[in-house]
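Residue strings, one per chain:
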Amino acid sequence: MKKLLILGAGTAGTMMANRLRKKLSADEWAIAIVDQYSKHYYQPGFLFMPFGIYSEKDVIKPIASSRTTIGFSCAPANN
Ligand SMILES: Cc1cc2nc3c(=O)[nH]c(=O)nc-3n(C[C@H](O)[C@H](O)[C@H](O)COP(=O)(O)OP(=O)(O)OC[C@H]3O[C@@H](n4cnc5c(N)ncnc54)[C@H](O)[C@@H]3O)c2cc1C
């Protein structure tokens, strides 16, 4: 089994993980993401919060999902 590790589950890391998961066979490739936080903060949504269009539940989501074949670990990546 080949292993692919993505550091950071922000916008870039999440997009890469989801796109590569579609392209790389799950039988051949294990994909995992590491992030220091267990929650994803959707930053563009912050702009709508002062106007009451979005609230915390719209912009803060748990990163891990039991329905995905992408692994997740919550830990700081240090030097
Ligand atoms: C208020 C606001 C509005 C915005 N509006 C827009 C918009 O309208 N359109 C647009 O295109 N962009 C917008 N942006 C910018 C956009 O949100 C960022 O460009 C984008 O999130 C950057 O993605 P990224 O994956 O590089 O970084 P991030 O999304 O910040 O992700 C980095 C991840 O790495 C993790 N990480 C960092 N260091 C470590 C470490 N040492 N160990 C473990 N994990 C670590 C962080 O916890 C984080 O989850 C906005 C930003 C803000 C703040």
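Structure first, text after, so check above.
All figures in this text were calculated on a predicted structure; none of them were measured in a lab. (Residues numbered from 1 in each chain as written. Predicted model: local features only at pLDDT ≥ 70, side-chain atom pairs only at ≥ 80, totals over all residues.)

Asks: Describe the overall build of the protein, and please don't skip the residues or the numbers.
Replies: On a plain count of helices and strands, the protein comes out with two helices and five strands. Looking at the protein residue by residue over its 79 residues, the buried ones come to 8%. Nonlocal contacts in the protein, meaning residues at least 24 apart in sequence, comprise 63% of its contacts between residues at least 6 apart. (Helix = DSSP H or I, 4+ residues; strand = E, 2+ residues; numbered from the N terminus. Buried ≥ 20, exposed ≤ 12 C-beta atoms within 10 Å, placed from the backbone. Contact = placed C-beta atoms within 7 Å.)

Asks: Any details on the site of the ligand? Residues and values, ideally.
Replies: As a matter of local geometry, the ligand sits amid 16 residues, with Gly8, Gly10, Ala12, Gln43 and Pro44 nearest to it. Residue assignment for the shell around the ligand shows that the elements contributing at least two residues are helix H1 (11-23) and strand E2 (29-35). Sort the elements by how many residues they give to the shell around the ligand and H1 lands first, with three residues. Grouping the constituent residues of the shell around the ligand by class yields nine nonpolar, six polar and one charged. (Near = placed C-beta within 6 Å. Nonpolar A, V, L, I, M, F, W, Y, C, P; charged D, E, K, R; others polar.)

Asks: Help me get a handle on the sheet that holds strand E1 (residues 2-7), residues and values and all.
Replies: Spatial ordering of the open sheet is given by E1-E2-E5, a layout of three strands whose pairing is parallel. Where the open sheet ends on each side, the last strands, each with one partner, are E1 and strand E5 (70-74). Here the strands of the sheet are splayed against their neighbours by 25° on average, with no regard to which way each runs. Summarising the sheet, E2 and E5 pair through five bridges and their orientation is parallel. Bridge pairing links alanine 32 to glycine 71 in E5. On the sheet, H1 packs against E1, E2 and E5 and is oriented at approximately 170° with respect to E2. (Pairing = 2+ DSSP bridges. Axes fitted to C-alpha atoms, helices over the stretch in contact; angles between N-to-C directions.)

Asks: A description of the pairing of E1 should follow, citing residues and the corresponding values.
Replies: One ladder, built from six bridges, connects E1 with E2; its direction is parallel. Within E2, the position partnered with leucine 4 by the bridge is isoleucine 31. Handedness of the crossover joining E1 and E2 through H1: right-handed. (Right-handed = clockwise from strand over helix to strand, strands pointing away.)

Asks: Which residues make up H1, and what values go with them?
Replies: For H1, spanning 13 residues, the distance from its first C-alpha to its last is 19 Å, which sits close to the expected 18 Å at 1.5 Å a residue. Burial within H1 is sparse, with just zero of its 13 residues counted as buried. (Expected span 1.5 Å × (residues − 1).)

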